[in-house]
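# Results of the structural survey
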Amino acid sequence: MARTEYDRTTAASFKAVREIRRDGLDAWKAAIFRHLNPEPGMTVVDVGAGTGAFAAAMCDWFSVKVIAVEPAPAMRALIADRSDVEVRDGHAAEIPVPDGSADAAWLSTVTHHVPDLAAAAREIRRVLRPGAPVLIRNAFAGRYERLRIVRWFPEVTRVLDTYPSVEQTCRAFEEAGFTQTALEPVPQADIRSLSEFLDRVDTLRTADTLMRSLTDAEFERGKNRIREAAAREDAQDVDLTSALDLLVLR
Ligand SMILES: C[S@@+](CC[C@H](N)C(=O)[O-])C[C@H]1O[C@@H](n2cnc3c(N)ncnc32)[C@H](O)[C@@H]1O
């Protein structure tokens, strides 16, 4: 069974609270630039593109073309219609793209949804031209000290530890012929204040696989932690940054 059903409600929540404002993605823009070496017109396959936030960002940042492959109709329906993003129904182990035709693959918070990572890696190998990079933005089992959500809702590690680890992910891709070239935590500024976090957290609970795993009591305890911290005088000094890892293979 899929970890998360991306139906219309989840898709709408995802769009509302999981798409990160562009000004919160400066570090991601820089990191992707370094590893993608983008050239105008090159083709990036966005595997599990969701609502297309990164597909649109990459086109705007680097003038690339993106093929947005997404299995959930409700997520696909929210991808903005634009000439440089081509939306296709598919999934990581069945990418509707010809052999050796893409210049890079991008997978953002997708690997933990993929039932057979080895099959996905083989399919990505098939669609990429030789030497093209795979950029994976994800949380990985055992590497969550920089994730903001863990500080407020520590019980999410229960599910986080079932996500593929860096080692498992690299093994799957190495079997398909890739080699790891980089692993770096990249910060994102998706929330500006604790009160904004508090305003979003109910919607986040429907849109985030980790938050969905919490019991009502665990969720309420975490929400109270945020509420209490937001009411304190030093609320503006609380560290709100969060980081996911960027794993790159070629
Ligand atoms: C957390 S969302 C991330 C969306 C987008 N990549 C982003 O970062 O905004 C995960 C997405 O992966 C998709 N997904 C689930 N199973 C998948 C699979 N086997 N292959 C590719 N995508 C999958 C879901 O439908 C969902 O849109």
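Everything quoted here is computed from the prediction, not taken from an experiment. (Residues numbered from 1 in each chain as written. Predicted model: local features only at pLDDT ≥ 70, side-chain atom pairs only at ≥ 80, totals over all residues. Heavy atoms only, no water.)

### What about the overall build of the protein?
For the protein, the count of helices and strands is eleven helices and seven strands. For 250 residues, the compact-globule estimate of 2.2 N^0.38 gives 18 Å, and the protein sits close to it at 18 Å. For the protein, the proportion of its 250 residues judged to be buried stands at 54%. Taking all contacts inside the protein whose residues are at least 6 apart in sequence as the whole, residues at least 24 apart take part in 75%. Carbon and sulfur atoms make up 49% of the accessible area of the protein, which totals about 11400 Å². If you average the places of the 33 positive and of the 39 negative side-chain charges in the protein, the two averages end up 1 Å apart. (Helix = DSSP H or I, 4+ residues; strand = E, 2+ residues; numbered from the N terminus. Rg over C-alpha atoms; globule rule 2.2 N^0.38 Å. Buried < 20%, exposed > 50% of the residue type's maximum accessible area, 1.4 Å probe, protein only. Contact = heavy atoms within 4.5 Å. Areas by Shrake-Rupley, 256 points an atom, 1.4 Å probe, with all protein chains shown as cover. Lys, Arg positive; Asp, Glu negative; His and termini not counted. Charge placed at Lys NZ, Arg CZ, Asp CG, Glu CD.)

### Concerning helix H8 (residues 166-175)
Among the residues of H8, Val166, Thr169, Cys170, Ala172 and Phe173 are the ones counted as buried. An end-on view of H8 places all buried positions within 160 degrees of arc, on one side of the element. In H8, those exposed residues whose orientation departs by more than 90 degrees from the buried face are Glu167 and Glu175. Against the buried residues of H8 lie helix H5 (117-127), strand S5 (134-138), strand S6 (180-188) and strand S7 (242-249). (Arc of directions from axis to C-beta.)

### Let's talk about the site of the ligand
The ligand sits among 18 residues. The nearest are Tyr6, Gly48, Glu70, Ala92 and Ser108. Gly48 places a main-chain nitrogen or oxygen 2.7 Å from a nitrogen atom of the ligand. One of the side-chain N or O atoms of Ser108 is found 2.6 Å from an oxygen atom in the ligand. Its free accessible area being 600 Å², the ligand has 92% of it covered by the protein chains. Counted by class, the shell around the ligand contains eleven nonpolar, six polar and one charged residues. (Near = heavy atom within 4 Å. Polar contact = N/O pair within 3.5 Å; in protein donor to acceptor, adjacent residues only side chain to side chain. Nonpolar A, V, L, I, M, F, W, Y, C, P; charged D, E, K, R; others polar.)

### Observations concerning the environment of Val238
Following the sequence through the fold, Val238 ends up in the loop between helix H11 (216-231) and S7. In this structure Val238 comes out as partly exposed when scored by relative accessible area, which is 23%. Taking the C-alpha atoms as reference points, Val238 and Ser193, separated by 45 residues in sequence, lie 8.6 Å from one another. Sequence-distant contacts of Val238, that is, excluding residues within four places in its chain, are made with Trp152 and Leu194.

### Here we look at the pairing of strand S2 (residues 65-69)
Across the five residues that make up S2, a large majority, four, are buried. In this structure, strand S1 (residues 43-47) lies alongside S2, joined through five bridges in parallel fashion. Note on S2: the bridge partner recorded for Val45 is Ile67. Each parallel crossover has a hand, and for S1 linked through helix H3 (residues 53-62) to S2 it is right-handed. In terms of strand pairing, S2 meets strand S3 (residues 85-88) through four bridges, oriented parallel. When the sheet's bridge partners are listed, Val66 is paired in S3 with Val85. (Pairing = 2+ DSSP bridges. Right-handed = clockwise from strand over helix to strand, strands pointing away.)

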